[in-house]
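Here's the letter readout for the chains.
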Amino acid sequence: MAPAATLVADEAAGSANSLSFGRTKDGKKLKIRSYPKFESLEEERLYRKQHLAAAFRVFAERGFDEGVAGHISVRDPILTDHFWLNPLSQHFSQICVSDLILVNEDGDVVVGDEPINAAAFAIHSEIHKARPDVHAACHAHSVYGKAYSAFGRPLDMITQDALRFYNSHFVYDNFGGIALDREEGIRIAKCLGNGKAAILQNHGLLTVGKSVDEAAFWFMSLDKTCQAQLLVDAASAGSGHKKIIIGDEEAQFTHDQIGTPEKGWLAFQGYYDEILAKTRGSFLK
């Protein structure tokens, strides 16, 4: 049986949606961070680019880089069939707003002086085409993600954090080498469907979101969930203890609390603040 919500009845909807209490003892409402409203599309473009650059820095800190593999994209809010992503050979830890490359739907560089990763274009362009609701996508060869991808199977719902991906992650089991062909991108986008994540068999992880913040947090959480699954599977095999799978009703209830776009965006803000402080905002230039 799914647990009943315990927030008090007169809590603001925003508070309920972020699993927090939003009042002081004197009754003052406290503001919960949310995706900002912009006065212009140019202002939103800058915001998206700043958070894209921050996501690369956060990924670098967690070892999600490996040579020229890995890429994050965000849709341009003005030229909506264009997207920004990282230059081919620049390390994630060095990427700034001014380094980002804008490409069109044909893969032509519109803004920037560096080439892009062909696989990045093949995958991201088709996802952005297939999913108008998706404004960002992340793919990297993280250690736990690619280790778990070797099994070609979805995650077990064995932890609360795994429930972020309940009925919203899929396995792409058609590994065909480096994804340079747009047809490969089309197949990956089709496999992703309306989900937020895909495990690319023998390859790595892919996550998407309505914001780059959301997509980046889903990737970080998915990699940790893969790590937890690998540890549990190893412990189960060694000890003989059986895994306890969370029931569908409880899983759906929990997913609806922690697996929404708003929760993904909010969860990334602490990491943004951390990288802003550590770098003194150097990625903003």
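Residues numbered from 1 in each chain as written. Predicted model: local features only at pLDDT ≥ 70, side-chain atom pairs only at ≥ 80, totals over all residues. Heavy atoms only, no water.

A. Representation of the environment of Gln 201 within the structure. Mapped onto the elements, Gln 201 comes out in the loop between strand E7 (197-200) and strand E8 (204-209). In this structure, the C-alpha to C-alpha distance between Gln 201 and Trp 218, residues 17 residues apart in sequence, is 18 Å. In contact with Gln 201, other than residues within four places in its own chain, are Ser 149, Gly 152, Tyr 172, Asp 173 and Phe 175. A distance of 3.2 Å separates polar atoms of two side chains, one belonging to Gln 201 and the other to Asn 202. (Helix = DSSP H or I, 4+ residues; strand = E, 2+ residues; numbered from the N terminus. Contact = heavy atoms within 4.5 Å. Polar contact = N/O pair within 3.5 Å; in protein donor to acceptor, adjacent residues only side chain to side chain.)

B. Structural detail: the confidence of the model for the protein. Scored by pLDDT, the protein has a mean of 91; 91% of the residues are at 70 or more. Across residues 4-16, confidence stays below pLDDT 50; counting only partners more than four residues off in sequence or on other chains, it has 17 contacts. (pLDDT = per-residue confidence, 0-100.)

C. View of unusual backbone geometry. If you check the backbone angles, Asn 202 has positive phi at about 60° while not being a glycine. When you line up the elements, Asn 202 lands in the loop between E7 and E8. The class for Asn 202 is partly exposed, based on a relative accessible area of 41%. The phi angle at Arg 280 is positive, at roughly 55°, despite the residue not being glycine. Looking at the secondary structure, you find Arg 280 in the segment after helix H8 (261-279). Look at Arg 280 and you get exposed, because its relative accessible area is 80%. (Buried < 20%, exposed > 50% of the residue type's maximum accessible area, 1.4 Å probe, protein only.)

D. Structural detail: the pattern of salt bridges. Going through the model one piece at a time under the given rule, you end up with 14 salt bridges. The closest approach of N and O atoms between Asp 233 and Arg 153, which form a salt bridge, is 3.9 Å. You can see Asp 233 sitting in helix H6 (residues 212-239) and its partner Arg 153 sitting in the loop between helix H4 (143-149) and strand E6 (169-172), a full 80 residues away along the chain. When its relative accessible area of 22% is taken as the criterion, Asp 233 is described as partly exposed. Asp 156 serves as the salt-bridge partner of Lys 243, at 2.6 Å between the closest nitrogen and oxygen. One end of the pair, Lys 243, is in the loop between H6 and helix H7 (248-258); the other, Asp 156, is in the loop between H4 and E6, with 87 residues separating them in the sequence. A relative accessible area of 15% places Asp 156 in the buried class. Through salt bridges with shared partners, a single network forms among Glu 61, Arg 62, Glu 274 and Lys 278. (Salt bridge = Lys/Arg side-chain N within 4 Å of Asp/Glu carboxyl O.)

E. Structural detail: the sheet that holds strand E5 (residues 136-140). Reading across the sheet, the eight strands line up as E4-E3-E2-E1-E5-E8-E7-E6 and stay open at both edges, with mixed pairing between neighbours. Because the sheet does not close on itself, it has two edges, and the strands there are strand E4 (109-111) and E6. Ignoring strand direction, the axes of neighbouring strands in this sheet form an average angle of 25°. As judged from the four bridges shared by E6 and E7, these two strands associate in the parallel manner. Its bridge partner being in E7, Phe 170 is matched across the sheet by Ala 198. Sitting on the sheet, H6 touches strand E1 (71-75), E5, E7 and E8, and the angle it makes with E8 is about 145°. (Pairing = 2+ DSSP bridges. Axes fitted to C-alpha atoms, helices over the stretch in contact; angles between N-to-C directions.)

F. Spatial organisation of the nonpolar core. Leu 52, Phe 59, Ile 72 and Phe 268 are the most contacted members of the largest nonpolar core, which totals 45 residues. Listed by contribution, the elements that provide at least two residues to this core are helix H2 (41-61), E1, E5, E7, H6 and H8. Excluding residues within four positions of it along the chain, Leu 52 makes contact with Ile 72, Ser 73, Val 74, Trp 84, Leu 85, Leu 100 and Val 212. By size, the runner-up hydrophobic cluster in this structure holds twelve residues, among which are Ala 137, Ile 188, Leu 206 and Val 208. (Core = buried A, V, L, I, M, F, W, Y, C linked by side-chain atoms within 4.5 Å.)

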